[in-house]
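Residues per chain are reported as follows:
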Amino acid sequence: MKAIKYFLMGSLIFASVAPTMAQDNKTIIEQATQIIKAKGPTYNDQVKQLYKTNKKNPEVLVALGKAFLQEKDTANALKFANYALVKNGKYAKAFLLKGDIAVMRDDAGTAAENYQQAKYFDPKDPEGYYKYAMILRGRSPEEAVANLEELRSQRPDYPVDALCGRIYYIAQKYENAESYYDKVADKSKLEDEDITYYAMTTWLLGKRDKSIEICKTGLARDSRRSGWNRIAFYNYTDLKQTNEALDYADRLFNKSDSAHFIGEDYIYYGTALQQASRWDDAIGAYNKAIELNQGNAKQIAIINKNLSDVYLKKDDFDNAVAYFEKSIEGTEPTMDNLDNLGTLYADIASRKTQAGDKAGAAEAFKKADETYARMMTAYPNFNNYCNYMRGQINANLDPDSKLGLAKPYYEELASSLESKADRNNSEVAMMKQAYLYLIVYYYNVKQDKATAKSYATKMLSIDPENEVAKQVAAL
């Protein structure tokens, strides 16, 4: 029911120019509206008097009906809409009011009927078309747009393209939304809502530069609009244009009016700070993102992975591993999870090797090997890849190959891929690595030239120009 109500209430939102109203009517409506809002002790008698005084004025009756509707008094709102129709059965504004009442009552069918009546009796008033389109959009945004195209024939001066773009954006048909917004000749005349939708549409479609320009069109009108500063900030971060991203982050966080910050803001801020190598600031932003995403386990897992990456950059290896493990805790690790963890340990080992910490490097390589062993058990379909990675890791643990630590993994990899007819480029590359190791191992370590030569021959079958294989095969 809530979803239906949210869907229908959208039809009540319409940015149209208020009709010209006689000054006397305006004064009457203002005074009557105060009575409706106050709900004094003689309220029912006052309501009856409002009708008696204005029963010949459908304009005032509809305005009073709207005032009742604003107070969620749909019963009196409907009475006054019907009073207006008693006086003028073709008064389109009364049908619009009845449609709005039906929307508030979650009655889409009745709302649609009344909006169609409003269109019929006043075919040049955009409000009936738009509100009817908002009812149609859930069932068929195409029908909603076709309805708005009728308005174009009646009012060629009206910004129908923007309304169609809005309908398609709300329906999450972003390509269609962009197409209609693109037709608007002067983008600076778009409503604020449409600038936001247009900028969001192009951002979601990955058209970052275009989205930025649309945001700037809006910001030229209002530089403190948080939504436009936010979308520009996100776009610049996605483009890795770090200086601009941080500039718009500052505009969002410090130079926007009525800004309500969300977890995504701080995820993007952490990303931009990470791009700027401001590691400690990035950690602070990601921790704030975690605070704002409580209860969203999926998002927190992503943030923890980002924190792991930052701590790795800081050479804080314990935290890098701890936050990575946090990112996968509570779930069965996927193949990608295990692969990323193995890669993390291998990266730590490489950094420790560069720092001269051989013992620390060996420990990290062993952790990486254990991770890929775990991956082989959990995901046997990826055994070739795991054997390749374990071969590389053990080659690092045994740099002169004297212990032959990488040998069993490369032999199993080579044997498996040799029997595969449709090898892809990645698999051929893995075979080359395996053959090269085995050629050198059998030739230099085992002094087994015959076996070295057999692997050289195999290497030449997939890489005829390999110099090591050529030399060994020529022996």
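Source: prediction; values computed, not measured. (Residues numbered from 1 in each chain as written. Predicted model: local features only at pLDDT ≥ 70, side-chain atom pairs only at ≥ 80, totals over all residues. Heavy atoms only, no water.)

1. Looking at the overall build of the chain
Move 1: Along the backbone of the chain there are 26 helices and zero strands.
Move 2: Relative to the 2.2 N^0.38 estimate, which gives 23 Å for 475 residues, the radius of gyration of the chain is 34 Å and therefore markedly larger than a compact globule would have.
Move 3: Here the chain holds 475 residues, and the buried ones make up 45% of them.
Move 4: Within the chain, residue pairs in contact and separated by at least 24 positions form 53% of the contacts whose partners lie at least 6 positions apart.
Move 5: Carbon and sulfur atoms form 49% of the exposed surface of the chain, whose accessible area is close to 24300 Å².
Move 6: Each charge class in the chain can be summarised by its mean position, and for the 64 positive and 65 negative side chains these summaries are 5 Å apart. (Helix = DSSP H or I, 4+ residues; strand = E, 2+ residues; numbered from the N terminus. Rg over C-alpha atoms; globule rule 2.2 N^0.38 Å. Buried < 20%, exposed > 50% of the residue type's maximum accessible area, 1.4 Å probe, protein only. Contact = heavy atoms within 4.5 Å. Areas by Shrake-Rupley, 256 points an atom, 1.4 Å probe, with all protein chains shown as cover. Lys, Arg positive; Asp, Glu negative; His and termini not counted. Charge placed at Lys NZ, Arg CZ, Asp CG, Glu CD.)

2. Thoughts on the pattern of salt bridges
Move 1: Following the criterion strictly, the structure yields 34 salt bridges and no others.
Move 2: The closest approach of N and O atoms between Arg139 and Glu143, which form a salt bridge, is 2.6 Å.
Move 3: Between Arg224 and Asp257 there is a salt bridge, with the nearest N and O atoms lying 2.8 Å from each other. Of the two residues, Arg224 is situated in the loop between α13 (208-219) and α14 (226-238) and Asp257 in the loop between α15 (242-254) and α16 (263-275); the sequence distance between them amounts to 33 residues.
Move 4: The class for Arg224 is partly exposed, based on a relative accessible area of 34%.
Move 5: Several salt bridges share partner residues, and in doing so they unite Lys93, Asp100, Asp125, Glu127 and Lys131 into one network. (Salt bridge = Lys/Arg side-chain N within 4 Å of Asp/Glu carboxyl O.)

3. Here's the deal with helix α11 (residues 174-182)
Move 1: Those residues of α11 that sit buried are Tyr174, Ala177, Glu178, Tyr180 and Tyr181. For α11, the arc enclosing every buried residue in end-on projection is 165°, short of the 170-degree limit, so these residues lie on one face.
Move 2: Residues of α11 that are buried sit in contact with α9 (141-154), α10 (160-170), α12 (192-204) and α13. (Arc of directions from axis to C-beta.)

4. Overview of the packing of aromatic side chains
Aromatic ring pairs are defined here through the distance separating the ring centres and the angle between the ring planes.
Move 1: The tally for this structure, following the rule as stated, stands at 25 aromatic pairs.
Move 2: Ring geometry for Tyr168 versus Tyr180: centroids 6.0 Å apart, planes at 25°, classification stacked. Of this pair, Tyr168 sits in helix α10 while Tyr180 sits in helix α11, and the two are twelve residues apart along the sequence.
Move 3: The exposure class of Tyr180 is buried, given its relative accessible area of 13%.
Move 4: Taking 5.6 Å as the distance between ring centres and 50° as the angle between the ring planes, the aromatic pair formed by Trp203 and Tyr234 counts as tilted. With Trp203 in helix α12 and Tyr234 in helix α14, this residue pair connects regions lying 31 residues apart in the sequence. The pair formed by Trp203 and Tyr234 is uniform in burial state, with each residue classed as buried.
Move 5: Grouped by ring-pair contacts, the aromatic residues Trp203, Phe233, Tyr234, Phe253, Phe261, Tyr266, Tyr268 and Tyr269 constitute a single cluster.
Move 6: The ring of Trp228 has Arg225 sitting right over it, with the charged end atom 4.7 Å from the ring centre. (Phe/Tyr/Trp six-rings, centres within 6.5 Å; stacked < 30°, edge-to-face > 60°. Lys NZ or Arg CZ within 6 Å of the ring centre and 35° of its normal.)

5. Here we look at the nonpolar core
Move 1: Among the nonpolar cores identified, the biggest contains 139 residues, and Leu148, Phe233, Leu307 and Leu344 are the most heavily contacted of them.
Move 2: With sequence-adjacent residues up to four places away left out, Leu344 is seen in contact with Ser308, Leu312, Ala320, Val321 and Phe324. (Core = buried A, V, L, I, M, F, W, Y, C linked by side-chain atoms within 4.5 Å.)

6. Looking at a nonpolar patch on the surface
Move 1: Residues Leu436, Val440 and Val468 make up a contiguous nonpolar surface patch of roughly 180 Å² in combined accessible area.
Move 2: Taking relative accessible area as the criterion, Val468 reaches 34% and is therefore assigned partly exposed. (Patch = residues over 30% accessible without salt bridge, like charges linked within 9 Å, V, L, I, M, F, W, Y side chains within 5 Å.)

7. Some remarks on the confidence of the model for the chain
Move 1: Predicted confidence across the chain gives a mean pLDDT of 91, with 95% of residues reaching 70 or more.
Move 2: In this model residues 1-11 is a low-confidence stretch, pLDDT under 50, and it forms 23 contacts with partners more than four residues away in sequence or in other chains.
Move 3: Counting contacts from residues 15-23, a segment whose pLDDT is below 50, to residues more than four positions away or on other chains yields nine contacts. (pLDDT = per-residue confidence, 0-100.)

8. Here's the deal with unusual backbone geometry
Move 1: At Lys72, a residue that is not glycine, the phi angle is positive and equals roughly 65°.
Move 2: One can find Lys72 in the loop between α4 (58-70) and α5 (74-87).

9. Examining the packing of α16 against helix α17 (residues 279-292)
Move 1: Relative orientation of the contacting elements α16 and α17 amounts to 165°, with a least axis distance of 8 Å. Comparing their axes, α17 and α16 come out roughly antiparallel. Regarding α16 and α17, the two cross each other, and that crossing is left-handed. Where α16 abuts α17, its residues Gly263, Tyr266, Ile267, Tyr269, Gly270, Thr271, Leu273 and Gln274 lie against Trp279, Asp281, Ala282, Ala285, Tyr286, Lys288, Ala289 and Leu292.
Move 2: Counted by class, the contact of α16 with α17 contains ten nonpolar, four polar and two charged residues. (Axes fitted to C-alpha atoms, helices over the stretch in contact; angles between N-to-C directions. Parallel < 35°, antiparallel > 145°, perpendicular 65-115°, else oblique. Left-handed = near helix turned anticlockwise from the far one by under 90°. Nonpolar A, V, L, I, M, F, W, Y, C, P; charged D, E, K, R; others polar.)

10. Here's the deal with the environment of Lys98
Move 1: Mapped onto the elements, Lys98 comes out in helix α6 (residues 92-104).
Move 2: The sequence separation of Lys98 and Ala77 amounts to 21 residues, and the corresponding C-alpha distance is 8.1 Å.
Move 3: Dropping the residues within four chain positions of it, Lys98 is found in contact with Leu78, Ala81, Asn82, Leu85 and Asn114.

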